[in-house]
Amino acid sequence: MFFVDINMQMYIRYIIIATYSILLYGCSDYFAPESDSTYTSDLVFSNEDLASQAVTGIYASMCDDYLYSKKLSLYCSMNTDIEAISGEDDNGRRAIARYEATPSNSEIYGIWKSLYSAIEHANNCIYGIRNSKLLINGNEQQKAAMHKLLGESLCLRALLYFDLVKNWGDVPFHTEPTINSTQIALPATDRHLILETLISDLKDAENWLPWSNELGTNEKISKGFAKGLRARIALFCGGVSTDPNTNVQMRLDNYLDFYKIADTECKEIIDAGKHSLNPSFKNIFQNQCTYQKDLNYYEPMFELAFGRLDKGELGYYIGVKHEENALYGKSEAGMLAPPSYFYSFNKHDTRRDVTCAYHAYNLKAQQELTSITTITLAKWRKEWIKPTITGGAKYTGINFTFMRYPDVLLMYAEAENELNNGPTEGARNALKSVRQRAFPDSDRMVMVTNYVDSITGKEAFFNAIVQERAWEFGGECLRKYDLIRWGLLDQALASCKSKLLLMQERQSPYSDIPQKIYWKIGADGETIEVANIDSNFIPEGFDLSQAQSSKWSTKLTSSFIEKMYEGDVSIHEFLPIPQQAISDSNGLLKNHYNY
């Protein structure tokens with residue numbers, strides 16, 4: 001049976017349409033007055049279909065392995081107190097994750113170059129649309145169509161520049177096509193000026209964009225995502241930042257103005273009722289593994305569509321580890337969950353065993369218990385992918401999700417708390433909504449209502465938000481940037497290390513973690529049943545005569561703990577500017593942060 005999933009259809013459209021981007025942007029000669037190219041900027045942006053195809057080329061450029069298919073989204077988002085990279089040290093992806101990268105790191109230069117390449121696509125589209133005869137002199141329908149494309153382009157550019165700022169701080173800021181610029185090399189621009197420009201751009205963009213349900217897809221930029229991204233950028237701009245010259249943490253005097261922006265945007269998304277929570281946390285990710293778009297709840301607010309077997313390593317790099325087997329193929333599972341994160345969940349929290357996996361698959365396609373040091377982040381899993389992907393193929397084609405609706409709820413709760421010097425009723429209700437889904441009915445009075453109502457004061461509620469975002473978004477590549485804007489990255493990693501040392505020494509609150517775990521293959525002959533992951537107690541009815549036992553807490557080694565906190569995060573929360581970029585800048589760029 002010939003199979004083409006929905007995501008693949010969108011991805012194929014990205015790639016076919018990227019041809020127009022190559023024709024337009026691949027060589028500056030296409031814009032020169034003497035160019036004989038059929039696809040000049042004036043022609044493309046005087047035609048709705050061609051203009052739409054050019055904008056879709058921006059999406060295609062974002063599917064690059066150096067960007068959201070793998071390296072930017074996965075490697076750059078580690079290590080945190082809830083996510084850690086596996087393997088031995090190098091000057092590649094592991095050095096990035098462990099805050100030990102140098103300016104000569106080739107992975108970093110590829111990411112940097114690919115981000116600016118995608119931004120150049122966006123700049124060309126923005127310039128072309130703003131100067132389009134359809135936008136300036138067209139009829140109302142044509143103007144609306146071109147404004148929508150302009151909104152998409154502005155939002156995609158904001159997303160790309162935001163990732164530059166999150167990872168490097170102050171960076172060169174181009175908003176015009178290179179062909180129109182008299183100065184190709186630019187110095188770094190203050191990150192706050194960049195973010196304020198993006199916030200302004202997104203305000204325009206959201207007015208021109210439709211909601212996801214009007215588009216009938218979450219694989220294109222929508223009003224809801226633009227508003228959510230504006231809120232996220234505003235919180236980052238209003239958050240804590242490390243000065244590149246002094247390495248001292250600082251905050252803008254008017255930081256509350258940015259919290260007001262976030263508060264307003266999130267409230268408008270909530271009140272519009274266009275996005276909601278899928279009642280099943282697990283179902284969100286299983287649907288993504290079977291290439292189904294959420295057209296009921298639109299909880300994933302924007303997903304970048306990948307091609308099955310061509311792009312995207314969710315389920316392979318993030319997921320359950322598979323030795324290559326006949327049923328499900330192979331997966332690396334290179335993103336680990338620190339044991340302190342796993343045991344921070346309440347055992348009744350249904351998010352834990354979706355977010356984390358303490359099993360792996362052997363060559364016989366049977367599950368086995370892993371080690372306490374190889375618990376993986378596993379919201380996307382090879383065994384959930386349908387149709388299955390066998391062999392060594394690593395590109396699963398599972399979409400990369402930039403934002404889910406609970407992010408809006410928790411940003412709103414955070415902003416309300418900060419602006420009102422403590423939690424409002426709206427803030428409490430938003431937090432309750434997120435937790436409501438996480439717990440079964442029998443636990444909701446205690447774990448939702450009583451838990452939230454018992455939190456008093458601004459600091460306590462903020463700390464609850466910090467923890468809730470960890471439980472909700474583990475493995476979704478958000479945590480590092482939350483910790484940076486809160487000024488808590490160094491503290492969080494140090495705390496993680498301290499907790500792991502307590503766990504290793506079997507001290508409170510980890511004294512009940514089992515030293516040995518009993519488990520067995522279930523009746524289906526594939527999955528395992530685990531008796532005592534949460535304590536030394538063996539539940540009644542578990543047949544130990546049929547079970548295997550594996551050492552657990554005693555496998556927590558000092559070397560594993562040290563790898564969690566190797567680099568100097570206090571000064572290396574940002575990546576170094578690549579040496580090649582510095583060399584190409586004619587002396588305009590240099591590294592800070594003791595690189």
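Anything mentioned here points back to the structure above.
Note that this is a predicted model, so its numbers are computed, not measured. (Residues numbered from 1 in each chain as written. Predicted model: local features only at pLDDT ≥ 70, side-chain atom pairs only at ≥ 80, totals over all residues. Heavy atoms only, no water.)

1. Focus on the nonpolar core
To keep it simple, the criterion reads: Working definition of a nonpolar core: buried Ala, Val, Leu, Ile, Met, Phe, Trp, Tyr and Cys residues. They are joined through side-chain atoms within 4.5 Å. Classification of residues uses two cut-offs on accessible area relative to the type maximum, computed with a 1.4 Å probe and protein chains only: under 20% is buried, over 50% is exposed, and between them is partly exposed. Under the DSSP-based scheme used, a helix requires at least four consecutive residues in state H or I and a strand at least two consecutive residues in state E, with every element numbered from the N terminus. Contact between two residues is taken to exist if any of their heavy atoms lie within 4.5 Å; hydrogens are not considered.
By size, the foremost hydrophobic cluster in this structure holds 164 residues, and its most contacted members are Y68, W168 and W552. By residue number, the principal contributor to this core is helix 8 (residues 140–168), which donates 14 residues. Excluding residues that lie within four positions of it along the chain, Y68 makes contacts with M62, S73, L115, L159, L160, D163, L304, F306, F400 and F402.

2. Some details on the packing of helix 6 (residues 106–130) against helix 8
Operational definition: Here, axes are lines fitted to C-alpha atoms. For helices the fit covers the stretch in contact, and angles between N-to-C directions go from 0 to 180 degrees. Should an angle fall under 35 degrees it is taken as roughly parallel, and over 145 as roughly antiparallel, whereas 65 to 115 is taken as roughly perpendicular and any remaining angle as oblique. The handedness criterion is simple: a crossing whose near helix is rotated anticlockwise from the far helix by less than a right angle is left-handed, and one whose near helix is rotated clockwise is right-handed. The nonpolar class holds Ala, Val, Leu, Ile, Met, Phe, Trp, Tyr, Cys and Pro. Asp, Glu, Lys and Arg form the charged class, and all remaining residues, Gly among them, are polar.
Between helix 6 and helix 8, whose axes approach to 9 Å, the crossing angle comes to 155°. On the basis of their axis angle, the class for helix 6 and helix 8 is roughly antiparallel. Handedness of the crossing formed by helix 6 with helix 8: left-handed. Grouping the amino acids of the contact of helix 6 with helix 8 by side-chain chemistry returns 19 nonpolar, two polar and three charged.

3. Some points on the environment of K520
As for its placement among the helices and strands, K520 is situated in strand 13 (residues 516–521). Judged by its relative accessible area of 15%, K520 is buried. Considering only alpha carbons, one finds K520 and A547, 27 residues apart in sequence, at a separation of 4.6 Å. With residues near it in sequence (within four places) discarded, K520 still touches T527, I528, E529, F542, D543, Q546 and A547.

4. Topic: the sheet that holds strand 15 (residues 548–551)
This is how it is decided: Here, strands pair whenever DSSP counts at least two bridges between them.
Strand order in this open sheet of three strands is 14-13-15, and the pairing throughout is antiparallel. Sheet topology places strand 14 (528–530) and strand 15 at the edges, where each strand pairs with a single neighbour. On average, each strand axis in the sheet is tilted by 35° relative to the strand beside it, whichever way the strands run. Across three bridges, the pairing between strand 13 and strand 14 is antiparallel. Each residue of the ladder has a partner; that of I521, found in strand 14, is I528.

5. Points about the packing of helix 11 (residues 223–237) against helix 16 (residues 405–419)
Helix packing for two helices is described by the angle between their axes and how far apart those axes are. At a minimum axis separation of 11 Å, helix 11 and helix 16 run at an interaxial angle of 40°. With respect to helix 16, the element helix 11 is oriented oblique. Crossing geometry of helix 11 relative to helix 16 is assigned as left-handed. Contacts between helix 11 and helix 16 involve G228, A231, R232 and L235 from the former and D407, M411 and E414 from the latter.

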